[in-house]
Amino acid sequence: MEISKKDVDYVASLARLEFNEKDKESLTQQLGSILNYIEKIKEVDTSKIEPTSHGASGENFWREDKVIKSSQKTIDAIFKNAPDKEADFFKVKKVMDTEEE
Amino acid sequence: MNEIIKMSATTLAEKIKNKELSSVEVTKAFIKRAKETDPKIKAYISITEEYAINQAEESDKKIASGAETGELEGVPIAIKDNILIENIKMTASSKILENYTAPYDATVIEKLKKAGAVFIGKTNLDEFAMGSSTENSAFFTTKNPWNTEHIPGGSSGGSASAVSAMTAPLALGTDTGGSIRQPASCCGIVGLKPTYGRVSRFGAVAFASSLDQIGPMSKTVEDSALLLNVIAGFDKKDSTSINVPVPDYLETIKQDIKGLKIGLPKEYFIDGLDSDVKKSIEKAIEIYKKAGAEFVEISLPHTDYAVAVYYIICCSEASANLARYDGVRYGFRAECDNLLDEYQKSRGQGFGPEVKRRIMLGTYALSAGYYDAYYGKAQKVRTLIKQDFENAFKKVDLILTPSAPTPAFKIGEKSSDPLQMYLSDIFTISCNLAAVPGMSIPCGFSEKGIPIGMQLLARNFDEQTMFKAAYSYQQATEWHKQFPNI
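Our subject in this report is the structure included herewith. Just so you know, these numbers come straight off a predicted model, no measurement behind them.

1. Some points on the overall build of chain B
Per the secondary structure count, chain B includes 15 helices and 11 strands. On the principal axes, the C-alpha backbone points of chain B span a range of 60 × 50 × 45 Å. Put simply, of all contacts in chain B between residues at least 6 apart along the chain, 76% involve residues at least 24 apart. Total accessible area computed for chain B in this model is approximately 16,200 Å², and 48% of it derives from carbon and sulfur atoms. The positive charge centre, built from 56 side chains, and the negative charge centre, built from 59, are 1 Å apart in chain B.

Quick look at the structure:
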């Protein structure tokens, strides 16, 4: 499996990861060799096989759609980890460019 | 050397309960040991001395007053630093969480608190549990107490080293593809990955949710059973935990193993197996035969695809799970003018190289046009791997394999080649894919004095048979009575 630097750029944008040029080069090579190894699963005939998404029984566990209120202590502890906040809200940079509004 | 630090958790729990020792005395002995040896071993990211002493004093008060006590009352335990303890820092050995303080307790921590355990510190790991050596920790590499030039294994390398170096009698680890069993093997201790769904993961940092389990790491098999007794059970906060009654794992541990059928998968006894590992496993088989176990050659025909399937699945799930680290609600934020740059820079600077590599691989495997060829295909081959185990367990009660193809390698030996590092997990990952329980127990040393482990695998929710077999072997050997010279 050949991986190009263009592929790496594309996947990095999907994954919201920034890389410098040097890292991109080594990633291109490393991902290529890992994917080459992984290719071997294509040998297996799975035409009649169902996928397994996780190891447990596959049953879904339902619960009531009920809000369980967290204590103010927990809420305060959560906001203590926030990089930026205002009142009980997380604060982020604007999503839209003003010129485009 | 202080005798306390050599005692098993079971012995310590008894002596504390009988007031032969106080919890404060015990806790202080382990902290003293950690202060002396950990600068060399580096098992801990933080030693929570004040917290531990407070808990120990509480336990001693409880015992003095005659109040009801827990199974681990006053006994210290080290916790892998990807599990939340309220008000204590939790880093997952990542720069992105370097300043994160846990706002609540993981379910296993709640259970341990109820049982009276004392939290002595948070242990090092490969960043987000991704690795086999702790070399991927953003902070430092933990050393193997048996030889500090060697890796302690990973990702729960800090927990394994802490128990092995006698800075804690017990530890918790997490295991996604061998992260409890492989370091246990490297450090000469007992490590157990319970059946998927046996222990709640609520409050553990999610890596690959269809594979992750929390489990005990200890010096002895009884200690492992004692700790599993405390942490096992259904939890409505983890929708993948399974509501199956929890037996008392200590009750059946001493049962005879006469007539037990143990399978040896031919795919695991290959030419590349290290000769010291092979010799130790052969000796272990002889010991089991003497105890009355019967051996059967079995086949797990899809073993050769397990590493490939594992890396597709774990990286895909990791790429989704780690999307939450965006610098918005918690974790590192690189200040930028707009939100997209902020995401990309926070993640680009906050994550280390292996984590980024896995996110990239997973994102690629899930991306449009490749989903069916990689993720979809891997899930189907996973079904075949699971069926291999189901078929094997129709013929045998347990499966015995080496825990790792070689004893612990040297620090730096494999760190430049990610694929070689991935292949060191070859014997442990099928267990997670199949959801079955697995355990590594010490079974010897290499010529250079590095520990060797053997792995037992059992049917889903049959940890009891595994404990029984592990205990029988332990009683016939002296490996658990050996201590590294540090």
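2. Some remarks on the sheet that holds strand β4 (residues 170–175) of chain B
All names here are of chain B. A sheet is described by the order of its strands in space; here 11 strands give the open sequence β1-β3-β2-β4-β6-β5-β10-β11-β9-β7-β8, paired in mixed fashion. With partners counted over all chains shown, the strands left at the sheet margins are β1 (44–47) and β8 (294–298), one partner each. Here the strands of the sheet are splayed against their neighbours by 30° on average, with no regard to which way each runs. Relative to strand β11 (residues 451–458), strand β9 (residues 398–402) runs antiparallel, the two sharing five bridges. Looking at β11, one finds that Thr401 is bridged to Gln455. Sitting on the sheet, helix α12 (residues 372–395) is in contact with β7 (261–265), β8, β9 and β11, with an inclination near 115° to β9.

3. Section: the interface of chain B and chain A
On the chain A side, the residues contacting the 63 residues of chain B number 52 residues. For the interface between chain B and chain A, the tally reads five salt bridges. In this structure, Lys93 of chain A engages Glu335 of chain B in a salt bridge whose closest nitrogen and oxygen atoms are separated by 3.0 Å. The interface formed by chain B and chain A contains 19 residue pairs in polar contact (both at pLDDT 80 or more).

4. A word on the packing of helix α7 (residues 221–231) of chain B against helix α15 (residues 463–476) of chain B
All names here are of chain B. For the pair α7 and α15, the least separation of the axes is 9 Å and the interaxial angle reads 155°. Between α7 and α15, the interaxial angle falls into the category roughly antiparallel. When α7 is examined against α15, the residues Val221, Glu222, Ser224, Ala225 and Leu228 are found in contact with a partner set consisting of Glu463, Phe467, Ala470, Tyr471 and Gln474. When grouped by side-chain class, the residues that make up the contact of α7 with α15 number six nonpolar, two polar and two charged.

5. Let's talk about the nonpolar core
All names here are of chain B. Leu72, Leu112, Phe128, Leu172, Tyr288, Phe389 and Ile441 are the most contacted members of the largest nonpolar core, which totals 167 residues. Considering every element that reaches this core, the biggest residue donor is helix α9 (residues 306–321), with 11 residues. What Leu112 contacts, discounting residues up to four positions off in sequence, is Leu72, Ile77, Ile79, Ala117, Phe119, Leu172, Leu227, Val230 and Ile231. Judged by nonpolar contacts, the second largest core, of six residues, contains Ile151, Cys186, Ala408 and Phe409.

6. Some remarks on the environment of Phe393 of chain B
Residue and element names in this part refer to chain B. Following the sequence through the fold, Phe393 ends up in helix α12. For the pair Phe393 and Gly263, spaced 130 residues apart in sequence, the C-alpha separation works out to 8.5 Å. Those residues in contact with Phe393, other than ones at most four positions away along the chain, are Leu398, Ile399, Val436, Leu457, Ala458 and Arg459.

7. Details of helix α3 (residues 72–80) of chain A
Three or four residues apart is the spacing at which side chains of an α-helix point the same way, because the helix has 3.6 residues per turn. Of the residues making up α3 of chain A, those classed as buried are Thr74, Ala77 and Phe79 of chain A. Residues of α3 of chain A that are buried make contact with β1 (85–86) and β2 (89–90) of chain A.

8. Notes on the side chain of Ser440 of chain B
Residues and elements named next belong to chain B. Note that Ser440 resides in strand β10 (residues 438–445). On the basis of relative accessible area, Ser440 is assigned to the buried category, the value being 0%. Looking at Ser440, its side chain comes within polar contact range of the side chain of Ser403, at 2.8 Å. Residues in contact with Ser440, not counting those within four places in the same chain, are Arg181, Ala184, Ser185, Ile189, Val190, Gly191, Ser403, Gly453, Met454 and Gln455.

9. Examining the packing of helix α1 (residues 5–14) of chain A against helix α11 (residues 353–366) of chain B
Viewed as axis vectors pointing N to C, α1 of chain A and α11 of chain B meet at an angle of 95°, and their least axial separation amounts to 9 Å. When the axes of α1 of chain A and α11 of chain B are compared, the pair comes out roughly perpendicular. Residue-level contacts link Val8, Val11, Ala12 and Leu14 of chain A of α1 of chain A to Met360, Thr363 and Tyr364 of chain B of α11 of chain B. Taken together, the residues of the contact of α1 of chain A with α11 of chain B break down into six nonpolar, one polar and no charged.

10. Side note on the pattern of salt bridges
Enumeration over the complete set of coordinates arrives at 29 salt bridges over all chains. With a shortest N-O distance of 3.0 Å, Lys24 of chain A and Asp9 of chain A are connected by a salt bridge. One end of the pair, Lys24 of chain A, is in helix α2 (residues 21–38); the other, Asp9 of chain A, is in helix α1, and 15 residues separate them in sequence. Classification of Asp9 of chain A by relative accessible area gives partly exposed; the value is 34%. Among the salt bridges present, the one from Lys237 of chain B reaches Glu110 of chain B, with a minimum N-O distance of 4.0 Å. Of this pair, Lys237 of chain B sits in the loop between α7 and β7 while Glu110 of chain B sits in helix α4 (residues 107–115), and the two are 127 residues apart along the sequence. Through salt bridges with shared partners, a single network forms among Lys5, Asp9, Glu21 and Lys24 of chain A.

Rules behind the numbers
Residues numbered from 1 in each chain as written. Chains lettered and ligands numbered in written order. Predicted model: local features only at pLDDT ≥ 70, side-chain atom pairs only at ≥ 80, totals over all residues. Heavy atoms only, no water. Helix = DSSP H or I, 4+ residues; strand = E, 2+ residues; numbered from the N terminus. Contact = heavy atoms within 4.5 Å. Areas by Shrake-Rupley, 256 points an atom, 1.4 Å probe, with all protein chains shown as cover. Lys, Arg positive; Asp, Glu negative; His and termini not counted. Charge placed at Lys NZ, Arg CZ, Asp CG, Glu CD. Pairing = 2+ DSSP bridges. Axes fitted to C-alpha atoms, helices over the stretch in contact; angles between N-to-C directions. Salt bridge = Lys/Arg side-chain N within 4 Å of Asp/Glu carboxyl O. Polar contact = N/O pair within 3.5 Å; in protein donor to acceptor, adjacent residues only side chain to side chain. Parallel < 35°, antiparallel > 145°, perpendicular 65-115°, else oblique. Nonpolar A, V, L, I, M, F, W, Y, C, P; charged D, E, K, R; others polar. Core = buried A, V, L, I, M, F, W, Y, C linked by side-chain atoms within 4.5 Å. Buried < 20%, exposed > 50% of the residue type's maximum accessible area, 1.4 Å probe, protein only.

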